[in-house]
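Fold and contact review
Residue strings, one per chain:
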Amino acid sequence: MSVIGEEEVRGCKAVFKAISADDQEQQPTEIESLCMNCYKNGTTRLLLTKIPFFKEIIISSFTCDQCGWTNSEIQSAGKIQDQGVLYCLHIQSRKDLNREVVKADSATTKIPELDFEIPAFSQKGALSTVEGLIDRAIAGLEQDQPLRKIIDDPSGNSFVENPFAPRADEVLSVTHYERNAQQNLQLGIKTSEEEDVEQEQLGNKIEDMRNEVLQFNTNCPECNAPASTNMKLVQIPHFKEVIIMATTCDVCGHRTNEVKSGGATEEHGTRITLHVTDVTDMSRDLLKSETCRILIPELDFELGMAALGGKFTTLEGLLKDIKDLIVEKNPFTAGDSCTKDKVEKLQAFGKNIDKILNGQMDVHIILDDSAGNSYLQNLYAPDDDPEMKIEKYERTYEQNEELGLNDMKTEGYQEDNNVD
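In this report, the structure presented in the accompanying data block is examined. Just so it is clear, the structure is predicted and the values come from calculations on it, not from any experiment.

Throughout the structure, instances matching the rule amount to 2 aromatic pairs. An angle of 55 degrees between the planes, with centres 5.8 Å apart, marks the rings of F62 and W69 as tilted. With 5.1 Å between their ring centres and 35 degrees between their planes, F301 and F349 make a pair best called tilted. Of this pair, F301 sits in strand β21 (residues 301-303) while F349 sits in helix α6 (residues 340-357), and the two are 48 residues apart along the sequence. Looking at F301, the relative accessible area reads 3%, which means it is buried. By relative accessible area, F349 is classed as buried at 3%. The cationic tip of R271 hangs over the ring face of Y393; the distance from NZ or CZ to the ring centre is 4.6 Å.

Right, here's the structure in full:
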């Protein structure tokens, strides 16, 4: 089957259109290619499309008219995400088997109750359902029994549908994690000793040049063209230092910004609750770290940590990003996968966000950060804000596990390293 190079695809981003059954102009390209079953000529159809949350993809389908053999696969044309992703889905009914899944070829699929595993890179990527993945792996597997379905993808490019969006899914857990050295090697990401030295030197420069904007060369995450990233260490009043990184591509115009905490993980988690009473609250400065969850109880809404990454913005900017993520860029609101009820539910959620932005809805915005590195501006500082409550709490074992703190040892090194 013919394979298109990733760099060539990135150079033709205009041909990647959002997937939609209503687009009559979006037609596949047909290529005559060799059938690997009978070694006669068949036809490969390629469709270059774009699915939100999964970047650009290449859907290919092969059919041989001589022997009847068929094959289909999905190939990612986007970049590898910054973190791997682990989806754990507890299947309680047959309806759960209809959830749509984007499975990258780097993903591992497991069913612990059957001691069953599909290793990474043993299958091509697929845009399917949970039932489709099982059918593809094991013929005749019974579909009605309760199962626990797990997808572990170090590239971070897999996705499992949440049919209850924008509400949280009680049977689906999503965990983002840092890849280990072996996973980076499998994905073709090399971490050399020279790069580690450069990062250490860069950290020293940040200490020495706190009042300067540092600039270093990088590649655009969209078109892969050479670009530059600006880095600045900023002191937020009544909070702490943060590192703001901004990248602008002169070729395609893509812009990104990212915020990293400049300090260590706090001893306690922090929960900030703001009672939104006026449209002026939208102008409050806000720092959301990658470990912060966003909750709006009145809308029965919860956004998990790392979903929007680290951001230094305003409350208005955060709400617009949430609406953009949940409503505008949801991959299951268009095409054959969408239903009327699902679309209406998400559209109603978007209208409620607009009401909050316009000061027409009385709600509470909660920033729950287990690492304690998020911030919301106090308009009455240094006095207490009557509409904002800040709570410190002890992290649970599970929260410390997510932050990698349970196995972290910060004292007693000298005793352990002494050699008689």
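Attention shifts here to the sheet that holds strand β25 (residues 388-393). Strand order in this open sheet of 5 strands is β21-β20-β23-β18-β25, and the pairing throughout is antiparallel. Edge positions in the sheet fall to β21 and β25, since each has one partner strand and no second. Geometrically, the sheet is characterised by an average inter-axis angle of 15 degrees between neighbouring strands, direction not taken into account. The pairing of strand β18 (residues 269-276) with strand β23 (residues 363-369) spans 7 bridges and is classified as antiparallel. From the neighbouring strand, T273 faces β23, where its bridge partner is I366. Where helix α5 (residues 315-328) meets the sheet, it contacts β18, β20 (292-296), β21 and β23, and its direction lies at approximately 95 degrees from that of β21.

Here we come to a negative patch on the surface. Together, E398, E401, E402 and D407 make up a region of like negative charge exposed at the surface. Here E402 shows up in helix α7 (residues 397-402).

On to the sheet that holds strand β10 (residues 126-129), then. If you trace the 3 strands from one edge of the open sheet to the other, you get β10-β7-β12, paired in antiparallel fashion. Because the sheet does not close on itself, it has two edges, and the strands there are β10 and β12 (159-160). The sheet contacts of helix α2 (residues 130-137) involve β7 (100-103) and β10, and relative to β10 the element is tilted by about 110 degrees.

A separate point is the pattern of salt bridges. In a structure, side chains of opposite charge can pair up when their charged atoms sit close to one another. If you walk through the whole model with that rule in mind, you get 14 salt bridges. Between R94 and E131 there is a salt bridge whose closest N-O contact spans 3.7 Å. Taken as a pair, R94 in the loop between β6 (84-91) and β7 and E131 in helix α2 lie far apart in primary sequence, 37 residues in all. Take R94: its relative accessible area is 43%, and that puts it in the partly exposed class. Exposure remark for E131: the relative accessible area of 18% places this residue in the buried category. One continuous salt-bridge network, built from bridges that share partners, spans R271, R293, E302 and D368.

Definitions and limits used
- The numbering scheme is per chain: residues are counted from 1 as the chain's sequence reads.
- Predicted model: local features are reported for residues with pLDDT of at least 70 only, side-chain atom pairs are reported and counted for 80 or more only, and whole-chain, interface and lining totals are derived from all residues.
- Hydrogens are left out, water is left out, and the side-chain values use all remaining heavy atoms of the structure.
- Here the aromatic set is Phe, Tyr and Trp, taking the six-membered ring for Trp, and pairing holds for ring centres within 6.5 Å; pairs whose planes are under 30 degrees apart are stacked, those over 60 apart are edge-to-face, and all others are tilted.
- The secondary structure listing takes helices from DSSP runs of H or I that are at least 4 residues long and strands from runs of E that are at least 2 residues long, numbered from the N terminus.
- Buried means the residue's accessible area, taken with a 1.4 Å probe over protein chains only, is under 20% of the maximum for its type, while exposed means over 50%, and partly exposed covers the values in between.
- We count a charge as sitting over a ring when the NZ of a lysine or the CZ of an arginine lies within 6 Å of the ring centre and within 35 degrees of the ring normal.
- When DSSP finds at least two bridges between two strands, those strands are taken to pair.
- To define axes, lines are fitted to C-alpha atoms, for helices over the stretch in contact only, and angles between the resulting N-to-C directions are given on a 0 to 180 degree scale.
- Here, two residues are considered to be in contact whenever any of their heavy atoms come within 4.5 Å of each other.
- Like charges within 9 Å and nonpolar side chains (Val, Leu, Ile, Met, Phe, Trp, Tyr) within 5 Å are joined into patches, using only residues over 30% in relative accessible area that form no salt bridge.
- Calculation of accessible area relied on Shrake-Rupley with a 1.4 Å probe; when residues are assessed, cover is drawn exclusively from the protein chains displayed.
- By definition here, a salt bridge exists when the distance from a side-chain nitrogen of Lys or Arg to a carboxyl oxygen of Asp or Glu is within 4 Å.
- Positive charges come from Lys and Arg, negative ones from Asp and Glu, while His and the chain ends are left out of the count.
- The location of each charge is read from NZ of Lys, CZ of Arg, CG of Asp or CD of Glu.

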